[in-house]
Amino acid sequence: MDADSSTWAAAGMRHIWLPYTQMQTATPPLPVVRTQGSRIELADGRTLIDGVASWWTACHGYNHPHIAAAVQQQLADMPHVMFGGLVHEPALRLATRLAGCLGGGLERVFYTDSGSVAVEVAMKMAVQYWLNQGASGRTRFLAFRGGYHGDTLGTMAVCDPDEGMHTRFQGMLIGHDIVALPVDELAEAALDAYLARHAHGLAGILVEPLVQGAGGMLMHAPEVLQRLRRLADRHGLLLIFDEIFTGFGRTGTMFAFQQAGVWPDIITLSKALTGGTLPLAATVASRRIFDGFLSDDPGHALMHGPTFMGNALACAAANASLDLFEQAPRLAQVAAIETVLRERLAPLAALPWVADVRVLGAIGAVELRQIHDREALKRRFADAGVWIRPFGRIAYVTPAFTIAPEELDFLMDAMGKVLAQGQP
Ligand SMILES: *Cc1c(COP(=O)(O)O)cnc(C)c1O
């Protein structure tokens, strides 16, 4: 490490509090000085091939010039202006474009600045939708085992209560109905019977379509979403898709729900929305939900408004990211990545300590029977020249869609080599 970075790193590490980290025992994080494409340059001079795309956000790779130029232009014109009573082109243009690519009557965009808050807003919208209709007592949600929807108090309560990271908070969380996904017709019938008894207390059903991400990269068939749409309609519940992870091409289609051919009433988006550059999230509601807030009664309005709502820099970045989805063959790139992931990860299933290998779109997950030392495994990946951050029993890759074939090859070689070394 050069003198300058060892100075800021040593001084700053005494003052920083890192995410999901036992600060007493964790190995020190790796100081990064630069990114480019699918490469992360470390302060010690090493370069890692990035397998994570920074928590699934950097779908076009790092430092994409088109997004950089759009943000620079916006910075010169207007970095931010309050969204209460004022609007601007980047936010309105983005809303129009999001509604256009979502379809299905999802046409009202409410901006926030993080995924968790976008889910909170979706839950608030659903609960208040019923209150505005004069239906009280619909305050709970049906959510699913293996699910992850955020780290705030409201969203912790809809995560998997046992497998999730928030078990210790159970006592202060609102009790929701967390059940298994209806993966077959028998399970659908059981859930149907359950809802016949409990739907009157529920505002809606909340699910991550096709892949439950942070809960363990658990994948399910599109039919599951069709079942949930049927059940929601039959029992008069709102259906909320949390596409914060799956949205913007990650599963092979622009949005995961498109593989099921059913639409939600509300959808949440974030992560890849700005191509991994600036924090922004959106909760998009159907016309029916939005109309449920129209009234002569001011109390029927949605009382929510983050300070940095509709941030112009972030909206400019998101518009530039959507340009790239329109102009570049992103979904074809995802399909090509999927082919490589399937081919290269499948053999790992033969290792005795590997429980399962799962691939969908640009997501490749290897589930181990257990991981004794996640820190050591992460170090082994870094020593092999790649950035892969295992969690739970999962080692996964979610590369940028623009990763070069030789970089993906390198990533696969490293993953195979490290996992074959022995029980991690
Ligand atoms: C990451 C994630 C969230 C939370 O987003 P934050 O921006 O970290 O608050 C919510 N839902 C899903 C499906 C996610 O992957």
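As a reminder, the structure under discussion sits directly above these lines.
What you see is a predicted model, and the numbers here were worked out from it, not measured in a lab.

**A look at the packing of aromatic side chains**
Within this structure, the stated rule accounts for twelve aromatic pairs. Seen from their ring centres, Tyr129 and Trp130 are 5.1 Å apart, and the 75° between their planes marks the pair as edge-to-face. In terms of burial, Tyr129 and Trp130 fall into one category: buried. Relative to Phe257, the ring of Phe255 lies with its centre 5.9 Å away and its plane at 10°, an arrangement referred to as stacked. A relative accessible area of 1% means that Phe257 is categorised as buried. Through a chain of ring-to-ring contacts, the aromatic side chains of Phe241, Phe248, Phe255, Phe257, Trp263, Phe325 and Phe401 assemble into a single cluster. Here the basic side chain of Arg108 rests over the ring of Phe290, its NZ or CZ set 3.8 Å away from the ring centre. Over the aromatic face of Trp130 sits the side chain of Arg138, whose NZ or CZ is 4.4 Å from the ring centroid.

**Topic: the pairing of strand E14 (residues 363-368)**
A large share of E14 lies buried, amounting to six of its six residues. On E14, burial covers both faces: Ile363, Ala365 and Glu367 on one face and Gly364, Val366 and Leu368 on the other are all buried. Direction of pairing for strand E13 (residues 354-360) relative to E14: antiparallel, over a ladder of six bridges. Paired with Leu360 across the two strands is Ile363, which belongs to E14. The turn linking E13 back onto E14 is made up of two residues, and Gly361 within it adopts a positive phi angle of 55°.

**Focus on the site of the ligand**
Around the ligand, the neighbouring residues are Trp56, Ser114, Gly115, Ser116, Tyr148, His149, Gly150, Glu208, Asp242, Ile244, Phe245 and Lys271. Between the ligand and Ser116 there is a distance of 2.6 Å, counted from an oxygen atom to a side-chain nitrogen or oxygen. Between an oxygen atom of the ligand and a side-chain N or O atom of Lys271, the distance comes to 2.7 Å. Protein contacts shield 84% of the accessible area of the ligand, which totals 380 Å² for the unbound molecule.

**Focus: the layout of surface pockets**
Volume-wise, the second largest pocket comes out at about 460 Å³. Around the second largest pocket, the lining is made up of 19 residues, and of these Arg108, Val109, Phe110, Phe290 and Met309 lie nearest the centre. Taken together, the residues that form the lining of the second largest pocket break down as 16 nonpolar, one polar and two charged.

**Structural notes on the packing of helix H12 (residues 374-383) against helix H13 (residues 405-420)**
Across the interface, H12 lies against H13 with an axial gap of 9 Å and an inter-helix angle of 135°. The angle between the axes of H12 and H13 places the two elements in the oblique class. Like other packed secondary-structure pairs, H12 and H13 cross with a definite hand, here right-handed. Touching Leu377, Arg380 and Phe381 of H12 are Ala414, Met415, Val418 and Leu419, all from H13. Of the residues belonging to the contact of H12 with H13, the class tally is six nonpolar, no polar and one charged.

**Here's the deal with the environment of Leu269**
Assignment of secondary structure puts Leu269 in strand E11 (residues 266-269). Residue Leu269 is classed as buried on the basis of its relative accessible area of 0%. Through-space distance from the C-alpha of Leu269 to that of Arg287 is 17 Å; in sequence the pair is 18 residues apart. Here Leu269 is in contact with Leu98, Leu102, Ala118, Glu243, Ile244, Phe248, Phe255, Ala281, Ala282 and Val284, once residues within four sequence places are set aside.

**Thoughts on the sheet that holds strand E3 (residues 47-50)**
The four strands are arranged E1-E2-E3-E15 in an open sheet whose pairing can be described as mixed. Looking at the sheet topology across the chains shown, the edges are occupied by strand E1 (32-36) and strand E15 (386-387). Relative to strand E2 (residues 39-42), E1 runs antiparallel, the two being bridged by four bridges. Bridge assignment links Val32 to a residue of E2, and that residue is Leu42.

**So, helix H7 (residues 185-198)**
Helix length check: H7, at 14 residues, gives a terminal C-alpha distance of 20 Å against a target of 20 Å (1.5 Å per residue), a fit within 8%. On its buried face, H7 is in contact with strand E5 (140-144), strand E6 (177-179), strand E7 (202-207) and helix H8 (222-234).

**Focus on the nonpolar core**
Generally speaking, nonpolar side chains in soluble globular proteins are found buried as a group. With 112 residues, the main nonpolar core has Tyr111, Met217, Leu228, Phe248 and Met415 as its most contacted residues. If you tally residues by element for this core, the top one is helix H5 (residues 115-132), at nine residues. Non-local contacts of Met415, meaning those with residues more than four positions away in its chain, are made with Leu345, Val366, Phe381, Ile388, Ala395, Tyr396 and Val397.

**Section: the pattern of salt bridges**
On inspection of all chains with the given rule, the structure shows 24 salt bridges. Among the ionic pairs, Asp383 bridges to Arg46, the shortest N-O distance being 3.9 Å. Of the two residues, Asp383 is situated in helix H12 and Arg46 in the loop between E2 and E3; the sequence distance between them amounts to 337 residues. A relative accessible area of 61% places Asp383 in the exposed class. For Arg358, the salt bridge is made with Glu367, and the minimal N-O distance between the two is 2.8 Å.

About the criteria used
- Residues numbered from 1 in each chain as written.
- Predicted model: local features only at pLDDT ≥ 70, side-chain atom pairs only at ≥ 80, totals over all residues.
- Heavy atoms only, no water.
- Phe/Tyr/Trp six-rings, centres within 6.5 Å; stacked < 30°, edge-to-face > 60°.
- Buried < 20%, exposed > 50% of the residue type's maximum accessible area, 1.4 Å probe, protein only.
- Lys NZ or Arg CZ within 6 Å of the ring centre and 35° of its normal.
- Helix = DSSP H or I, 4+ residues; strand = E, 2+ residues; numbered from the N terminus.
- Pairing = 2+ DSSP bridges.
- Near = heavy atom within 4 Å.
- Polar contact = N/O pair within 3.5 Å; in protein donor to acceptor, adjacent residues only side chain to side chain.
- Areas by Shrake-Rupley, 256 points an atom, 1.4 Å probe, with all protein chains shown as cover.
- 1 Å grid on protein atoms, 1.4 Å probe; cavity = no way out; pocket = protein on both sides within 12 Å on 5 of 7 lines; lining within 4 Å.
- Points joined across faces, edges and corners; volume = space filled by probe spheres on them.
- Nonpolar A, V, L, I, M, F, W, Y, C, P; charged D, E, K, R; others polar.
- Axes fitted to C-alpha atoms, helices over the stretch in contact; angles between N-to-C directions.
- Parallel < 35°, antiparallel > 145°, perpendicular 65-115°, else oblique.
- Left-handed = near helix turned anticlockwise from the far one by under 90°.
- Contact = heavy atoms within 4.5 Å.
- Expected span 1.5 Å × (residues − 1).
- Core = buried A, V, L, I, M, F, W, Y, C linked by side-chain atoms within 4.5 Å.
- Salt bridge = Lys/Arg side-chain N within 4 Å of Asp/Glu carboxyl O.

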